[in-house]
Amino acid sequence: MKIRLLDNIPLISNRTKIKISISLLFFAFIICIFRPNTIDSKICLIAMFFSFLGDIALNCKPLEKRSHSLLYIGAFFFMISHLIYAAAYHFIIVNSSKALFNPGMYIACMIMCLIFIFSIICIRNAKRSLKPSMALIFTIYTIMISINFVTIYSYSWNFQALSFIGATSFLISDYIIGIETVFKIKSATMRKLVWIFYPIGQILILLCR
């Protein structure tokens, strides 16, 4: 009988998720210590701090007891985090006199356009209608994470860095959460994937500069 790899990976508790988030924040702090003269490391530390606040909001209560307000607060903190990460990478690009608009950015823009079109198709074909407030938040959130995604892809193209893998991994974790939230899907496999891709994404975004 075929055994899937994810079936052997246990679900982690909310307390463990918060511990992982604290470890990522500490990792960002350590990078600041080892790169004391780089402003972008300090900016990324701030971004990771907002991600930590988002993790607190989303995991301070069990999923079935989490209110919509906590979901919106968590989404807000993660939007801020994405924008600050984008600011850090944009700062490096501008100060290195590299081109912001390059093939890396164009590839990222095409990826985000395809994701957005696919999302609209899925929402339109869904059996249950999406509340206007949820649709608005989903749209705004997609725009915010797109800014970070295309900026990091632009940086990676300029410097041949692996940070684009981190941006992709972070995007996957965000998109899985979006699917769960919009379509009210409860899946252990999807929960596991979020906490595989999310830490990988954060680590590579923090490290690969």
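Before reading further, recall that the structure is shown in the block above.
Below is a short write-up of the structure. (Residues numbered from 1 in each chain as written. Predicted model: local features only at pLDDT ≥ 70, side-chain atom pairs only at ≥ 80, totals over all residues. Heavy atoms only, no water.)

1. Describing the packing of helix α3 (residues 68–95) against helix α5 (residues 132–159)
Reasoning step 1: For the pair α3 and α5, interaxial distance at closest approach is 9 Å and the crossing angle is 25°. One finds that α3 runs roughly parallel with respect to α5. Considering only the axes of α3 and α5, their crossing is left-handed.
Reasoning step 2: For the contact of α3 with α5, the per-class residue count stands at 21 nonpolar, seven polar and no charged. (Axes fitted to C-alpha atoms, helices over the stretch in contact; angles between N-to-C directions. Helix = DSSP H or I, 4+ residues; strand = E, 2+ residues; numbered from the N terminus. Parallel < 35°, antiparallel > 145°, perpendicular 65-115°, else oblique. Left-handed = near helix turned anticlockwise from the far one by under 90°. Nonpolar A, V, L, I, M, F, W, Y, C, P; charged D, E, K, R; others polar.)

2. A few points about unusual backbone geometry
A negative phi angle is the norm for most residues apart from glycine, just as the trans form is the norm for most peptide bonds.
Reasoning step 1: At serine 97, a residue that is not glycine, the phi angle is positive and equals roughly 60°.
Reasoning step 2: Of the residues examined, serine 97 reaches a relative accessible area of 69% and is grouped as exposed.
Reasoning step 3: With a phi angle near 50°, glutamine 160 is a residue other than glycine that sits in the positive phi range. (Buried < 20%, exposed > 50% of the residue type's maximum accessible area, 1.4 Å probe, protein only.)

3. Quick word on a nonpolar patch on the surface
Reasoning step 1: Residues Phe26, Phe29, Ile33 and Phe34 make up a contiguous nonpolar surface patch of roughly 480 Å² in combined accessible area.
Reasoning step 2: Checked against the element boundaries, isoleucine 33 lands in helix α1 (residues 14–34). (Patch = residues over 30% accessible without salt bridge, like charges linked within 9 Å, V, L, I, M, F, W, Y side chains within 5 Å. Areas by Shrake-Rupley, 256 points an atom, 1.4 Å probe, with all protein chains shown as cover. Salt bridge = Lys/Arg side-chain N within 4 Å of Asp/Glu carboxyl O.)

4. Examining the side chain of serine 154
Reasoning step 1: Mapped onto the elements of the fold, serine 154 is located in helix α5.
Reasoning step 2: Residue classification places serine 154 among the buried residues on the basis of a relative accessible area of 0%.
Reasoning step 3: Within the structure, serine 154 has its side chain in polar contact with the side chain of asparagine 102 (distance 3.1 Å).
Reasoning step 4: In this structure serine 154 touches Ile93, Ala99, Leu100, Asn102, Gly104 and Met105, once residues within four positions along its chain are discounted. (Polar contact = N/O pair within 3.5 Å; in protein donor to acceptor, adjacent residues only side chain to side chain. Contact = heavy atoms within 4.5 Å.)

5. A closer look at the packing of aromatic side chains
Reasoning step 1: Inspection of the entire model under this criterion finds eleven aromatic pairs.
Reasoning step 2: Between phenylalanine 76 and phenylalanine 77, the ring centres sit 5.9 Å apart and the planes meet at 55°, which makes this aromatic pair tilted.
Reasoning step 3: A connected cluster of aromatic rings, assembled from ring pairs, spans Phe49, Phe50, Phe76 and Phe77.
Reasoning step 4: The cationic tip of lysine 98 hangs over the ring face of phenylalanine 159; the distance from NZ or CZ to the ring centre is 5.7 Å. (Phe/Tyr/Trp six-rings, centres within 6.5 Å; stacked < 30°, edge-to-face > 60°. Lys NZ or Arg CZ within 6 Å of the ring centre and 35° of its normal.)

6. Let's talk about the nonpolar core
The tendency in soluble globular proteins is for nonpolar side chains to be buried as a group.
Reasoning step 1: Core analysis: the biggest nonpolar cluster contains 45 residues, and Met48, Tyr85, Phe149, Tyr198 and Leu206 have the highest contact counts within it.
Reasoning step 2: Residue assignment for this core shows that the elements contributing at least two residues are α1, α2 (39–59), α3, α4 (103–125), α5, α6 (163–183) and α7 (188–207).
Reasoning step 3: Looking at which element gives the most residues to this core, the answer is α3, with ten residues.
Reasoning step 4: When residues no more than four places from it in sequence are discounted, the contact partners of methionine 48 are Ser21, Leu24, Leu25, Ala28, Tyr85, Tyr198, Gln202 and Leu206. (Core = buried A, V, L, I, M, F, W, Y, C linked by side-chain atoms within 4.5 Å.)

7. So, the environment of serine 119
Reasoning step 1: Inspection of the secondary structure puts serine 119 in helix α4.
Reasoning step 2: Residue serine 119 is classed as buried on the basis of its relative accessible area, which comes to 5%.
Reasoning step 3: Between the C-alpha atom of serine 119 and that of serine 173, which follows or precedes it by 54 residues, the distance is 15 Å.
Reasoning step 4: When neighbours within four sequence positions are excluded, serine 119 is seen to be in contact with Phe138 and Tyr175.
Reasoning step 5: Side-chain polar atoms of serine 119 contact the backbone oxygen of isoleucine 115, separated by 2.8 Å.

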